[in-house]
Every structure is written in structure tokens, then in C-alpha cells.
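# Structural features, examined
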Amino acid sequence: MLRSFSAILALLCQLIAPAAAEDAQRSECLAISSAPPRATPINLHAAAGNTDEVAITYAGHSTYYIDTPGGVRIATDWSGAYRTDRLPDVVTMNRAHSTHYTLFPDPRIPYVLHGWSDDGSPAKIAERIGDVYIRNVTSDIRRYLLDDSSSEMIKDGNSIFIFEVAGLCIGHLGHLHTRLDDSQFAAIGRLDIVMVPIDGTYTMSLDGISDITRRLRASVVLPMHRFATPLDEFMRKIGEQFAIDVRSERTLTISRDSLPGTPTVIILDGV
């Protein structure tokens, strides 16, 4: 009996190990973040001299457009309200209320990624689309009902989307309502750029989002939900270790090589 159990256990290990290795190969951000503390993260794209740039455009509210070097256009928290010169190829959505999703997206959009699942289980997204790898980490969400006058908490109703492209790890926290635990931080991995809601009311408190921002330690912080909170209050909360860069344009063009050496909050033009 013991020998049979050992054989079964060995077989399971053989089956699980390749799957874990495959996940590590797919996600550069997870592979680097899980390296031993003394290891120096080496980015293969940067080592090869790859200076491909990603363009990130603030469209409004919590919608950013991400244009990859390979020509893939992504729109975050897509409701159809914030459009540019052409439709995105990929849209991500979070079902907090109607400004963050639509159940009737333009049928010409090839990829529509919901941050929730209809059966109540955690949404699982791991998609290679062109030159970008897109995955998600779920969190609980407060979904507003009917006329937004009441709400309910929904387990795993929000997704933090991570976009891995051109050696960059770009995260969008979505309509975040709850603090993240250690397992969620581990699942997110390394982020170079993070899009953070700073309204302090509709999502979560400024203290809560500031703690998350500090712990993620991204090189670039791009605020969203900017309509309710004075920027200086957010800056005071996250601490003096963050620089601030206010720009007159809506688009940030950036590569792995051009990331700032000091964590920087970049304010792009828009509302």
C-alpha cells in the first residue's frame, strides 16, 4: 500500500512540475518577483538591447489605452464612453457599475475580457494576444445596484489586470474596494507601472490605496479616478519617496530602459 501511494505521489509531482514551469515561462513578472532575495533580476528583453516602447494614453475615469510595439491596442475598464482614433483590439472590464463595463461592446472588438465570471467563481484570464500576455488577480468588489443607490459585496468580482509586454509589467488595479493579502501580492508579482484609483471614496480609502501603492513599489504610478481627491493629499499619503511629474500631454511613451530611477507619480493630461 505504501509503495502504491509513493508511486501515485511521484506521478502527481511529475504532472504538476511541468505546469508550474510553464506558468513561470509565460509570466516574466512572476518569474522575476519569485526569485530568491539575493538574486539580481535580469530582464532578457533589456539584456538583448530591446528598446521597444509602449504608449499609454489616459482616456478618462479609469480607462487607459495601452498600445504595444506589436500594434495591439488595449483599453482598460472599457464602457465604450472613452474612444480614440480607432477601436481597441482588447478591452478589459470590471463590474462595479456602468462606467467600468458594458454588456454590449462593439462587436468589432476581437477580445473582451471580463474581470468577473457569471457563475460566481474567480475569473481566470491568461491570454497571449500578439506581443502581450494578459493575466488577472481577483479581489472582492462592492457592486452598485440599479440606480447606484445601494450595493452588495461580491466575492472575486474585481480583477487586477496585468499586461506583460516589451519587458514591462503593467498593472491596472481596477475598481479596488478591499486591501490585498500576501497571496494576492504574490500573484500580482513585479509591477513596473501601476494604474491606481485615488478617489478615496468610491473605491477604497486613501490610506488603504496608499499602503498598496507603496508595497507594490512600481517605478511609475498612474492615478485614475482623479475626480474626487486633491493630488497633494494622495502624494502626502504615499510618502516622500515618490516623485511627481505633471505632464501636459495625455500619452506616456516608455520602455523598460526609460523607467525612472525613483518611484514617480506621473499625471497625464485629462480628467
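Summary of the structure given here. (Residues numbered from 1 in each chain as written. Predicted model: local features only at pLDDT ≥ 70, side-chain atom pairs only at ≥ 80, totals over all residues. Heavy atoms only, no water.)

## Section: the overall build of the protein chain
Of the regular secondary structure elements, the protein chain holds six helices and 14 strands. Out of the 271 residues belonging to the protein chain, those deemed buried represent 47%. Looking at the protein chain as shown, the accessible area adds up to about 13,400 Å², and 54% of this sits on carbon and sulfur atoms. (Helix = DSSP H or I, 4+ residues; strand = E, 2+ residues; numbered from the N terminus. Buried < 20%, exposed > 50% of the residue type's maximum accessible area, 1.4 Å probe, protein only. Areas by Shrake-Rupley, 256 points an atom, 1.4 Å probe, with all protein chains shown as cover.)

## Quick look at the side chain of Gln184
With respect to the element layout, Gln184 can be found in helix α4 (residues 182–188). Each residue touching Gln184, except ones within four places of it in the same chain, is listed here: Val137, Thr138, Ser139 and Arg179. (Contact = heavy atoms within 4.5 Å.)

## Thoughts on the packing of aromatic side chains
Any aromatic ring pair is given by two values, namely how distant the centres are and how the planes are angled relative to each other. Overall, the coordinates contain three aromatic pairs when judged by the stated rule. Taken together, a centroid distance of 6.4 Å and an interplanar angle of 85° make the contact between Tyr65 and Trp78 edge-to-face. With Tyr65 in strand β2 (residues 63–67) and Trp78 in the loop between β3 (73–75) and β4 (90–93), the pair connects residues that are 13 residues apart, well separated along the chain. Judged by its relative accessible area of 1%, Trp78 is buried. Between the aromatic rings of Phe161 and Phe163, the centroid separation amounts to 6.4 Å while the plane-to-plane angle is 20°, which identifies the pairing as stacked. Across this residue pair, the class does not change: Phe161 and Phe163 are buried. (Phe/Tyr/Trp six-rings, centres within 6.5 Å; stacked < 30°, edge-to-face > 60°.)

## A closer look at the state of the cysteines
Here the structure, examined in full by the defined rule, presents one disulfide. Put simply, Cys29 and Cys169 are joined by a disulfide, and their sulfur atoms are 1.9 Å apart. Given an S-S torsion of about -105°, the disulfide between Cys29 and Cys169 has left-handed geometry. Taken together, the positions of Cys29 in helix α2 (residues 28–33) and Cys169 in strand β9 (residues 168–172) put the pair 140 residues apart, joining distant regions of the chain. For Cys169, a relative accessible area of 1% gives the class buried. (Disulfide = S-S within 2.5 Å.)

## Things to note about the sheet that holds β4
The six strands are arranged β5-β4-β3-β2-β1-β13 in an open sheet whose pairing can be described as mixed. Unpaired on one side and paired on the other, β5 (111–114) and β13 (251–254) mark the two borders of the sheet. Strand-to-strand twist across the sheet, computed as the mean angle between neighbouring axes with direction ignored, equals 15°. Strand direction decides the pairing type here: β3 and β4, joined by two bridges, are parallel. Paired with Ile74 across the two strands is Val90, which belongs to β4. (Pairing = 2+ DSSP bridges. Axes fitted to C-alpha atoms, helices over the stretch in contact; angles between N-to-C directions.)

## So, the pairing of strand β1 (residues 54–60)
Within β1, six of the seven residues are buried, leaving the element largely enclosed by the surrounding structure. As paired elements, β1 and β2 share five bridges and run antiparallel to each other. Looking at β2, one finds that Thr57 is bridged to Tyr65. Where β1 hands over to β2, the hairpin turn is made up of two residues, of which His61 adopts a positive phi near 55°.

## A closer look at the layout of surface pockets
Taken as a whole, the second largest pocket holds about 250 Å³ of empty space. The wall of the second largest pocket is formed by 14 residues, among which Leu30, Lys124, Arg135, Asn136 and Ala187 lie closest to the centre. Secondary structure elements with two or more residues in the lining of the second largest pocket: α1 (2–26) and β7 (132–145). No other element matches the five residues that β7 contributes to the lining of the second largest pocket. When the residues that make up the lining of the second largest pocket are grouped by side-chain class, the tally is seven nonpolar, three polar and four charged. (1 Å grid on protein atoms, 1.4 Å probe; cavity = no way out; pocket = protein on both sides within 12 Å on 5 of 7 lines; lining within 4 Å. Points joined across faces, edges and corners; volume = space filled by probe spheres on them. Nonpolar A, V, L, I, M, F, W, Y, C, P; charged D, E, K, R; others polar.)

## Here's the deal with the pattern of salt bridges
Counted under the stated rule, the structure contains nine salt bridges. The partner of Arg215 in a salt bridge is Asp182, and the shortest N-O contact between them spans 2.8 Å. A residue pair is termed long-range when its members are at least 10 positions apart, and Arg215 in helix α5 (residues 206–216) and Asp182 in helix α4 qualify at 33 residues. Arg215 sits in the partly exposed class, given a relative accessible area of 43%. Taking the shortest distance from any N to any O, the salt bridge between Asp245 and Arg247 comes out at 3.0 Å. Put simply, Asp67, Arg73 and Asp85 are held in one network by salt bridges that share partners. (Salt bridge = Lys/Arg side-chain N within 4 Å of Asp/Glu carboxyl O.)

Honestly, that's just the spatial picture; any functional story needs more than this.
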